[in-house]
Every structure is written in C-alpha cells, then in structure tokens.
Amino acid sequence: MSFPTLELIDLAAGYGDLPIVRDFSTKLAPGSITTLIGGNGAGKSTLLRAIYGTNRWFSGQIVFKGENIERLDPWQRRRRGIGLVPQGRCNFPLMSVAENLKMGCYILPGRAHRAAIERVVGLFPMLRQKWSISAGNLSGGEQQILETAMVMLTDPALLLLDEPSLGLSPKIQGEVFVTVREIAAAGVTVLVVEQNVHGALRISDTAIVMELGRKFLEGPAAAVRGDPRIRDAYLGGNIKEAVQG
C-alpha cells in the first residue's frame, strides 16, 4: 500500500496556549516539492516546526509514511526520516566543512559515518572543494548548502527548508534552488518556506498559500504562479482578499 510521505489532517499547532496554525490539511507525495507562501505571521515557519515537533501540538494529525507522529519528540521524528533546516545560519562557523559534516552524523552509528559523508559530497561536490575551510568563511550560499548537507546525512524522506535563500544574492539563490531540485530528484519530499516566491514556484510541484495560520489556496505551482490574484497579492494586496475575490 502506498502512502503519501506526509499527511496533515486538521492540524492545530503553536506556542504556549496560542494556536497559530489552525485546521490545516494537506498531503505531500514522495519526491515532490511544495512551497508555502504567505505574508509575515501567516504561520509558515510554525507549520514546519509543528511537523518537526519543536512547538506545541494542539489537535489534528501528523501522519508520516503512514504513522501518526504528532506525539513523538523531535529526535524520534528525526530518526524516522524528517529533517529540518531552520531559517538563519545553523552551522559550526569555527569548524571546517569536514568537521561540520562529522557533527551532522551524530545520530548515525560510527560505521555509517563515512558512507553518509561520501553520499552527500556526491550530491554537493562543492563540499569537497571547501573541505578544510572554516564554515564561517564560506559564502552565504555555500553555508546554506553545507547546512542542508548536514541534515541530508541522515538520509531523510522529508526535508523541511525554512527560507533557504534569505539574504543571498540572486545568483546564489539560483544555486540553492538547483540544489533543492536535485534533492527532490533523488526521491526526497521537500516542503519549503521561501520569500523568493517566483524562484521557489519555478521548481515546485505544488504551492500552498497561507494567511493567519490557515490554508487559503493549494494547487499546482504553475497555476498558482500564473494566477493574477496571487500576483496582485504579492504586489501589495491582501492574500485573503486576492484568493477569495
């Protein structure tokens, strides 16, 4: 029996006593790329953290490869095959690329470290070229690739990316998007929050528009990208009005 990689059913999640994401449902197919778009405060990052287990679950279901995981701790979700690359820098800047990759193997048995590192270096050849360089001396795009590689060491089935191109030049943003596409081509399901909406939609299969923690629109990325209501919303209009209008 074939399951979606991830299914969210009426999910509510947030912080403290306050649900931010409400009544959220979707399915992510294996090897697909889905982009979450919406304004600041829409709940996009909160949704990623809810899937990974680093904020409060209130109700609903998080089903990963057929298993309900909403009550599992983040480390248990990581071991089952979910990886999160959070927004902002999350490497060890004073350590070399090689040392960062070794740190990324921490949940793997020692005998698996070499093979895991060779696998991600094959996916991201730049890492070999920068092997002895401190992570803090890499460019922003190179650091983003390193951090993604550190998560990929555990061979996740689901990769959650929070603003992977934030603060990068247009050229480096393009390189990051190519990397995301290559990851999905290897069979990994990707859910990405991205401020560069046009760039993300070009590589995505599906797009989800969020506002105030709820899903207002979901559809093929090409259709969402071409929808004049969505274009207008990102030129200064209101997403909710644009979708409902």
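What counts, and where the lines are drawn
By convention here, each chain's residues receive numbers from 1 onward along its written sequence. Confidence filtering applies because this is a predicted model: local features only for residues at pLDDT of at least 70, side-chain atom pairs given and counted only at 80 or more, and all residues used for totals across whole chains, interfaces and linings. Hydrogen atoms and water are omitted, and side-chain values are computed over all heavy atoms in the structure. Per-residue accessibility, obtained with a 1.4 Å probe over protein chains only, is compared with the maximum for each type, and a residue is labelled buried under 20%, exposed over 50%, and partly exposed between these values. Helical segments are the DSSP runs of H or I of at least four residues, strand segments are the runs of E of at least two, and each set is numbered from the N terminus. In short, DSSP must find at least two bridges between two strands for them to pair. What counts as a disulfide here is a pair of cysteine sulfur atoms lying within 2.5 Å. Pairing of aromatic rings covers Phe, Tyr and Trp, the last counted by its six-membered ring, and requires centre-to-centre distances within 6.5 Å; plane angles under 30 degrees mean stacked, over 60 mean edge-to-face, and any other angle means tilted. Any Lys NZ or Arg CZ found within 6 Å of a ring centre and within 35 degrees of that ring's normal is scored as a charge over the ring. Should a side-chain nitrogen of Lys or Arg be within 4 Å of a carboxyl oxygen of Asp or Glu, the pair is scored as a salt bridge. In this analysis an axis means a line fitted to C-alpha atoms, helices contributing only their contacting stretch, and an angle means the value between N-to-C directions, from 0 to 180 degrees. Angular relationships are summarised with four words: roughly parallel below 35 degrees, roughly antiparallel beyond 145, roughly perpendicular across 65 to 115, and oblique for the angles in between. A crossing counts as left-handed when the near helix is turned anticlockwise from the far one by less than a right angle, and as right-handed when that turn is clockwise. We call two residues contacting when some pair of their heavy atoms lies within 4.5 Å.

Sheet faces and side chains relate simply in a regular strand, where the side chains alternate between the two faces. The side-chain alternation of strand E6 (residues 82-85) yields two buried faces, one formed by Ile82 and Leu84 and the other by Gly83 and Val85. Pairing analysis gives four bridges linking E6 to strand E7 (residues 158-162), with the strands arranged parallel. Directly across from Val85, in E7, lies its bridge partner Leu161.

With that settled, the discussion passes to the state of the cysteines. Under the definition given, this model contains zero disulfides. Here Cys90 is not cross-linked by a disulfide; its sulfur's nearest cysteine counterpart is in Cys105, at 15 Å.

On to unusual backbone geometry, then. A positive phi is found at Asp155, a non-glycine position, where the angle reads about 55 degrees. Within the secondary structure, Asp155 is located in the loop between helix H6 (140-152) and E7.

Turning to the sheet that holds strand E2 (residues 18-28), a few remarks are in order. Taken in spatial order, the four strands line up as E2-E1-E4-E5 in an open sheet, and their pairing is antiparallel. Looking at which strands have only one partner, the edges of the open sheet turn out to be E2 and strand E5 (67-68).

Our focus in this paragraph is the packing of aromatic side chains. Applying the stated rule across the entire model yields zero aromatic pairs. Over the ring of Trp131 we find Arg128; its NZ or CZ atom is 5.0 Å from the centre of that ring.

Turning next to the pattern of salt bridges. By the definition in use, this model includes ten salt bridges. Arg89 is the salt-bridge partner of Glu147, the closest N and O atoms lying 2.9 Å from each other. Here Glu147 is found in helix H6, whereas its partner Arg89 is found in the loop between E6 and helix H3 (97-104), with 58 residues between them in sequence. On the basis of relative accessible area, Glu147 is assigned to the buried category, the value being 2%.

The geometry of H6 relative to helix H7 (residues 170-185) is characterised by a closest axis approach of 9 Å and an angle of 20 degrees between their N-to-C directions. In terms of orientation, H6 lies roughly parallel with respect to H7. Crossing hand, H6 versus H7: right-handed. Taking contact as the criterion, the partners of Gly141, Gln144, Ile145, Thr148 and Met152 in H6 are, on H7, Ile172, Val176, Thr179 and Ile183.

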